Amino acid sequence: MQRDIVQPVDIEKYLYFLKKPGRYTGNELNTKTKQISKKTLNFVLAFPDLYEIGMSHLGLKILYSILNKHPDFSADRVYAPDEDLIELLKEKNIPLFSVEDKIPLNQFDIVGFTLQYELSYTNILLMLELGQIPLKSKERGDSNPLIIAGGPGAFNPEPLADFIDAFVIGDGEDVILEIADCLLKNRDSKREGKLLALAQIQGVYVPNFYKQAVNKKGSYVIRLREDVPERITRRFFLNFDDPNSIHSPQLRPLTDIVHRRPSYEVMRGCTRGCRFCQAGMVYRPIRERDMKMLLEDIENDLSLNGWEEISLNSLSISDYSCLQPLLLSLLDKLPETETSISLPSLRLDSFDDTFQPKLGKLLGNTVTFAPEAGTQKLRDVINKNITEEEIINSVKKALTMGIRSFKLYFMVGLPEETDEDIKGIIQLIEEIFEISPRRISKINVSIAPFVPKSHTPFQWVAQLQIDEFLRRILIVKHHFHENRKINIKYHTPEQSQIEAVIARGDRSVGRVILQAYRSGAKLDAWDSSFDHERWIEAAENIEIDLRAFLGEIPPENPLPWDHIDSGVKKEFLFSEYRRSHEVLTTQDCRNGACSHCGICENSSPKYSQKYNDEERAESRKIKISQEVEQRFFYKIKYAKGDNLCFISHREISTLIYAIVRKSKLPIYYTKGFNRHPKISFGPPLSLGLAGREEFFIISLKNVLEKREVLEKLDENLPNGFVINEVIPLGSASEKKYYTKELLRISSNACISWNKFLEYKNKSIFSGRKEKLIYLKDFFEDVKVFSHHVDIQKKLGLNIFQILEEAFGFSREQIGTFSIERIKIF
Ligand code: SF4
């Protein structure tokens, strides 16, 4: 059955009064160009947390790109709404909508969630309910979308089995197209038929065709019918060298998010074998990307988007065979744009000595190490193959490179941990600090409570109780409370406890999630929203004992995720578990013997794939940018359209930096650590206003024709951002100060604009001190026309507050107004 696409949700008129409306307006750079239609199979990719977190997620961007490249499929996106939008949607009975086309969730064919973190699961229920989709799979009919979920959380799907129609186990690149093809072919089938067809695809688990069985030892899952697989085998994506596996240019948000940078996956998988790490097990084998392809991709993305920072991603980036030549090449290319590189924790000993001086430039001011445990014994228990000597040497090297600040990650509550190991954390931090108390400016230590995860050697291990976690963490925290250079932070044990319950939960935990959601749980990953008591009460109310999911599991017991085949054999996990008891380490199979984890039997892997790049041997010189003293100034006049009115002044400034970076103009950069183009901006435009004649001033190293400057700036601008004019200012910056603005307020509705003529009698209370302000002191001229009013006023005072409080317009009325700054003078 083809789905009727309804009208988009009319949300614009309500956005004015939301905290950060820009996160619901779409308008990012490099979004899809095709519209959702009845002809295409329409996906909405859902990230169950706020936009600021979800917009950085690479997996979602990859699936978005794959689906939108295909002529028969389309994909939009949706992120969890914040409290203010939740309230608004409920109050006005507006369904949650996709960010680009503003289509209600219930009008899509497929809603695809990514499962990155157990504490975001209540947000899935929230988004379904706000999207006006029944929460439980069994309550949905043919007219409802199919709800699909993938990502690391899908490796134990059972806590969400009641809510999700189909899970994708493993890499999504190939299987997403198989799923889409299958659903397109079965578009006219009943829901059950579609699900049965999906269950035939390798890596797809349809929980409705399975049930939970329980015996004295525990719960496990069995199939209800013969025509679905007994075990679901994960999917592997191996074509990393295929140019089609590149998904650039990446979406570039206009608003501030947690990590505003494109992420380039240099390698997937890790065989180091840390026994606590689920990603290290379920993302095997190692698959490296070709360095030349990566470089081309990065260069292309930079030239289109002018990123100020890029990030290279991998579980263990130091293991990428071509890391040194890759970084050298990037160092060669990036000075032009002053783009910096963000790297996850690095092993500094993986670089040869000739590279060390250049590395300092790359790493910036902070280096991160993840010893995880404080003693060698415990590091051997968890198979973290790093010695204290290596850590100390790395810190010494970093100091010689000019790095002064360090981040250290530890876990507490690891199996076999004693108070000696907690003291070991203290000793290791002290030893690092003692290398040079004077030169070290900061050591930020982050301590996380250990959470046992499915499909790892520690899946059978008990989690510590909250009090004991706190006792161990506070030993470290109190020890350093007088040292201002050492800052100890820790992850809340209460959150880690609920994370552990869900991570090893069975279908009954789904009832706890639902009950917690019903009693108000949402946005639980955020400390400010998480309420531990609510979860405890939810479990008590439905008589589920959470302790059952926190204790040690005897290895002979069945596990709720035994029907999910991650490719890594259970015998291997168990042998690693045993070796941890005996404090025996296991070598990384990339450098040592195969430990028969099972992956190579399943995937014809390229675990030993390494690129012998000639460039590794080449010594390449880094171009040192020449200091140019002479500067030439250009005033750039631009218009900011209605569709960008919810992008704040700061966010527009960041966008302008990007436009200037990618323009290839001979731009003058600021000096210092965080170098950026030298730009001065015009007076800020309030959030919610369009601008007809805004401006910024750039400094160039050479004189250029206006036309040339305009052409270079004019490429790949976001919708609604128009460059109107380039005015050379000669060799000195324009020193004009702006104090006034002309605003135009218009509306399609019938508005009595004459009331604005009475402004002289109006006043509002403004500012933190609620000072009484008379509009006659701010307004200089008001002209009323049939469909609009022009107000010339001094800069300052929020026009929305004036409209609401001085002229008595309701918020909904104001939402229908178009407000534009015509001029500043
Ligand atoms: S099967 Fe052996 S070589 Fe292959 S990934 Fe596992 S441990 Fe490494």
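Scoring rules and cut-offs
- Numbering of residues starts from 1 in every chain and runs along the sequence as written.
- Only residues with pLDDT of at least 70 are given local features in this predicted model, and only at 80 or more are side-chain atom pairs given and counted; all residues enter the totals for whole chains, interfaces and linings.
- Heavy atoms from the whole structure form the basis of all side-chain values; hydrogens and water molecules are not counted.
- Put simply, DSSP H or I for four residues or longer makes a helix, DSSP E for two residues or longer makes a strand, and each gets a number counted from the N terminus.
- Within 3.5 Å is the distance limit for a polar contact, defined as a pair of N or O atoms, with the added protein rule that one can donate a hydrogen and the other accept it, and that residues adjacent in sequence qualify only through two side-chain atoms.
- The criterion used for residue contact is that any of the two residues' heavy atoms lie within 4.5 Å.
- When DSSP finds two or more bridges between two strands, those strands count as paired.
- Between N-to-C directions, angles cover 0 to 180 degrees, with each direction set by a line fitted to C-alpha atoms, over the stretch in contact for helices.
- Distances are taken per atom, and a residue is near a molecule or strand as soon as one of its heavy atoms is within 4 Å of it.
- Note on residue categories: nonpolar means Ala, Val, Leu, Ile, Met, Phe, Trp, Tyr, Cys or Pro, charged means Asp, Glu, Lys or Arg, and polar means any other residue, Gly included.
- Type-normalised accessible area, obtained with a 1.4 Å probe on protein chains alone, sets the label of each residue: buried when under 20%, exposed when over 50%, and partly exposed for intermediate values.
- Patches draw on residues past 30% relative accessible area with no salt bridge. Two like charges within 9 Å are joined, as are two nonpolar side chains (Val, Leu, Ile, Met, Phe, Trp, Tyr) within 5 Å.
- Using a 1.4 Å probe, the Shrake-Rupley method yields the accessible areas, and only the shown protein chains count as cover for residues.
- Criterion for a salt bridge: a side-chain nitrogen of Lys or Arg within 4 Å of a carboxyl oxygen of Asp or Glu.
- His is not counted, nor are the chain ends; Lys and Arg add positive charge and Asp and Glu add negative charge.
- A charge is said to be at NZ when it belongs to Lys, at CZ for Arg, at CG for Asp and at CD for Glu.
- What a helix is expected to span follows from its residue count: subtract one and scale by 1.5 Å.

Visitor: Hey, could you go over the side chain of R472 for me, with residue numbers and the actual values?
Guide: Among the structural elements, R472 can be located in helix α15 (residues 466-479). Side chain to side chain, R472 and E468 meet in a polar contact 2.8 Å long. Aside from chain neighbours lying at most four places away, what touches R472 is G413, E417, I422 and L464.

Visitor: Quick one: what's the story with the sheet that holds strand β10 (residues 263-265), residue by residue and with numbers?
Guide: With respect to topology, 3 strands assemble into an open sheet ordered β10-β13-β14, the strand pairing being parallel. On the outer flanks of this sheet lie β10 and β14 (340-342), each paired with one strand and no other. Averaged over all adjacent pairs, the angle separating strand axes in this sheet is 30°, with direction ignored. Across 3 bridges, β10 lies against strand β13 (residues 309-313) in parallel orientation. Bridged to S263 within β13 is S311. Strands in contact with helix α9 (residues 291-305) are β10 and β13; relative to β10, the strand with the most contacts, it is inclined by about 165°.

Visitor: Any details on the site of the ligand? Residues and values, ideally.
Guide: Within the structure, the ligand sits among 10 residues, and C589, C594, S595, C597 and C600 are positioned closest to it. Within the shell around the ligand, the residues separate by chemical class into 6 nonpolar, 3 polar and 1 charged.

Visitor: Tell me what's going on with unusual backbone geometry, and back it up with residues and numbers.
Guide: A cis amide bond links S248 to the next residue, P249, at an omega of -5°. A cis amide bond, omega -5°, links R284 with the succeeding residue P285. With respect to the element layout, P285 can be found in the loop between α8 (278-282) and β12 (287-288). For N93, which is not a glycine, the phi torsion comes out positive at approximately 55°. Along the chain, N93 falls in the loop between α4 (83-92) and β3 (110-114). You can call N93 exposed: its relative accessible area is 58%. The phi dihedral of H596 falls on the positive side, at around 55°, and the residue is not glycine. The topology assignment puts H596 in the loop between α19 (570-581) and α20 (599-603).

Visitor: Residue-level account of a negative patch on the surface, with values.
Guide: Residues D531, E533, E537 and E540 make up a contiguous surface patch of negative charge. Note on D531: relative accessible area 31%, which makes it partly exposed.

Visitor: An account of the sheet that holds strand β6 (residues 204-205) is requested, with residue identities and associated values reported.
Guide: Reading across the sheet, the 6 strands line up as β2-β1-β3-β4-β5-β6 and stay open at both edges, with mixed pairing between neighbours. The sheet is open, and its two edges are formed by β2 (73-79) and β6, each paired on a single side. Where helix α5 (residues 121-130) meets the sheet, its contacts fall on β1 (41-47), β2, β3 and β4 (146-150), and the angle it forms with β3 comes to roughly 160°. Across the face of the sheet, helix α7 (residues 191-199) comes into contact with β4, β5 (166-168) and β6 while running at roughly 25° to β4.

Visitor: Tell me about helix α3 (residues 58-69), residues and numbers included.
Guide: For α3, built from 12 residues, the straight-helix expectation of 16 Å at 1.5 Å per residue is met to within 8% by its first-to-last C-alpha distance of 17 Å. Across the 12 residues that make up α3, a large majority, 9, are buried. Listed as buried for α3 are L58, L60, K61, I62, Y64, S65, I66, L67 and N68. The inward-facing, buried residues of α3 abut β1, β2, β3, α6 (173-185), β10 and β11 (267-268).

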